[in-house]
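# Topology and contacts: notes
In case you want the letters, here they are:
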Amino acid sequence: MTPPTLPEIHYRIGSAALGHFPGHHRSRRGDSGFEFRGHASLLDAPDPRRLDLHASLRDPFGQWSVRVYSQRKSIPVAVVADLSASMGFAGAQARLAVLADFVDSLAWSAWRTGDSFGFIACDEQVRTDLLLPQSRSRAAAGELTRTLRSLQPTGHSAHGLHHAHRHLPQRRSLVFLLSDFHWPVDEVQTVLASLAHHDLVPVVLWDPQEFSLSAPRGLAPVLDPESGRQRLVWWRPALREQWRTQQAQRHEALLRVFRAQRLSPLFIEGAFDADTVTRHFHA
């Protein structure tokens with residue numbers, strides 16, 4: 001059977017991997033890899049094949065020294081997704097379709113890299129029906145992404161994100177936080193702080209039509225997806241400019257919060273592009 005053709009994300013972490021399984025990422029563990037880490041006593045690393053005579057002759061205590069090489073290790077990769085009602089927005093792209101494309105590509109990339117993959121969805125609480133524990137199975141995320149594409153979120157808040165860290169691995173992981181971040185700034189700070197133990201990448205999912213209308217003026221229905229309230233507004237150039245200003249202010253407010261946590265966010269405005277995510281890690 002021919003494997004599906006999916007765009008691949010090439011990611012990396014800033015610190016050394018701490019896992020025990022062999023993989024793709026640099027670590028400071030092991031003594032029989034291929035990346036030179038230093039020297040150790042022959043008693044501590046009993047492998048005479050890696051004996052270093054020059055280092056042994058320079059040792060003031062006359063001990064035999066061997067070269068120690070680090071092994072590459074795997075890491076846990078996880079997605080923490082906001083599934084509150086605002087994530088059901090459909091403009092130029094359906095936001096949940098973009099999220100599903102991201103999850104599908106990341107799960108495929110993690111499997112190709114030898115890493116485990118997990119998924120945690122939250123609205124008012126953690127969605128246990130969509131919970132995917134860490135797995136190295138390629139098929140683990142297949143049914144999940146199909147469910148995400150047909151899902152209609154109804155939660156009135158993303159409060160469950162405050163408890164998402166309880167379902168992540170204890171050891172340091174690469175975590176992608178996917179959301180439109182249309183919730184109060186203090187809540188954003190709290191959620192980021194709860195995930196600070198991990199290598200966190202906030203992914204902001206916005207849509208070009210979310211903050212504007214195509215018509216220059218006229219009566220337009222406006223819907224708040226979180227509360228379900230709808231009202232009519234007179235769409236005019238002054239209001240259009242006001243919305244643009246609020247979008248820019250929201251953008252800057254989120255950047256300040258992310259920078260305070262020393263995080264580098266990724267803004268996806270439109271369709272999912274795996275190359276954009278890869279450039280985020282290698283820029």
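Summarised in this report is the structure supplied together with it. (Residues numbered from 1 in each chain as written. Predicted model: local features only at pLDDT ≥ 70, side-chain atom pairs only at ≥ 80, totals over all residues. Heavy atoms only, no water.)

## Quick look at helix α2 (residues 95-113)
With 19 residues, α2 should reach 27 Å at 1.5 Å per residue; the first-to-last C-alpha distance of 27 Å fits that figure. Among the 19 residues of α2, 15 are classified as buried, and the element is accordingly described as predominantly covered. A positive backbone phi angle near 95 degrees is found at G114, which sits one or two residues after α2. (Helix = DSSP H or I, 4+ residues; strand = E, 2+ residues; numbered from the N terminus. Expected span 1.5 Å × (residues − 1). Buried < 20%, exposed > 50% of the residue type's maximum accessible area, 1.4 Å probe, protein only.)

## Side note on the nonpolar core
Grouped together as the largest cluster of nonpolar side chains are 40 residues, with contacts concentrated most on L99, F117, F119 and F176. Where this core is concerned, the elements lending two or more residues are β4 (76-82), α2, β5 (116-122), α3 (142-150), β7 (174-179), β8 (199-206), β11 (266-269) and α6 (274-282). The greatest single-element share of this core, amounting to nine residues, is contributed by α2. Apart from residues no more than four positions distant in its own chain, F176 is found in contact with V77, A78, V79, V80, F102, L106, V201, V203 and F281. (Core = buried A, V, L, I, M, F, W, Y, C linked by side-chain atoms within 4.5 Å. Contact = heavy atoms within 4.5 Å.)

## Here's the deal with the environment of L200
In this structure, L200 sits in strand β8. Among the residues examined, L200 registers a relative accessible area of 7% and is labelled buried. A sequence separation of 24 residues divides L200 from F176, and the C-alpha atoms of the two residues are 6.0 Å apart. The contact partners of L200, leaving out residues within four places of it in the chain, are V175, L177, L192, L195 and L263.

## Side note on the sheet that holds β5
The six strands lie next to each other as β6-β5-β4-β7-β8-β11, forming an open sheet whose pairing is mixed. Single-partner strands in this sheet number two, and they are β6 (132-135) and β11. Neighbouring strand axes in the sheet, compared pairwise and without regard to direction, differ in orientation by 20 degrees on average. When β4 meets β7, the two strands line up parallel, connected through five bridges. Note on β7: the bridge partner recorded for V79 is F176. (Pairing = 2+ DSSP bridges. Axes fitted to C-alpha atoms, helices over the stretch in contact; angles between N-to-C directions.)

## Some remarks on unusual backbone geometry
Positive phi is not limited to glycine here, since F181 has a value of about 55 degrees. Locating F181 in the fold gives a position in the loop between β7 and α4 (185-194). One non-glycine residue, R262, lies in the positive phi region at around 60 degrees. Here R262 is to be found in the loop between α5 (237-260) and β11. By relative accessible area, R262 is classed as exposed at 83%.

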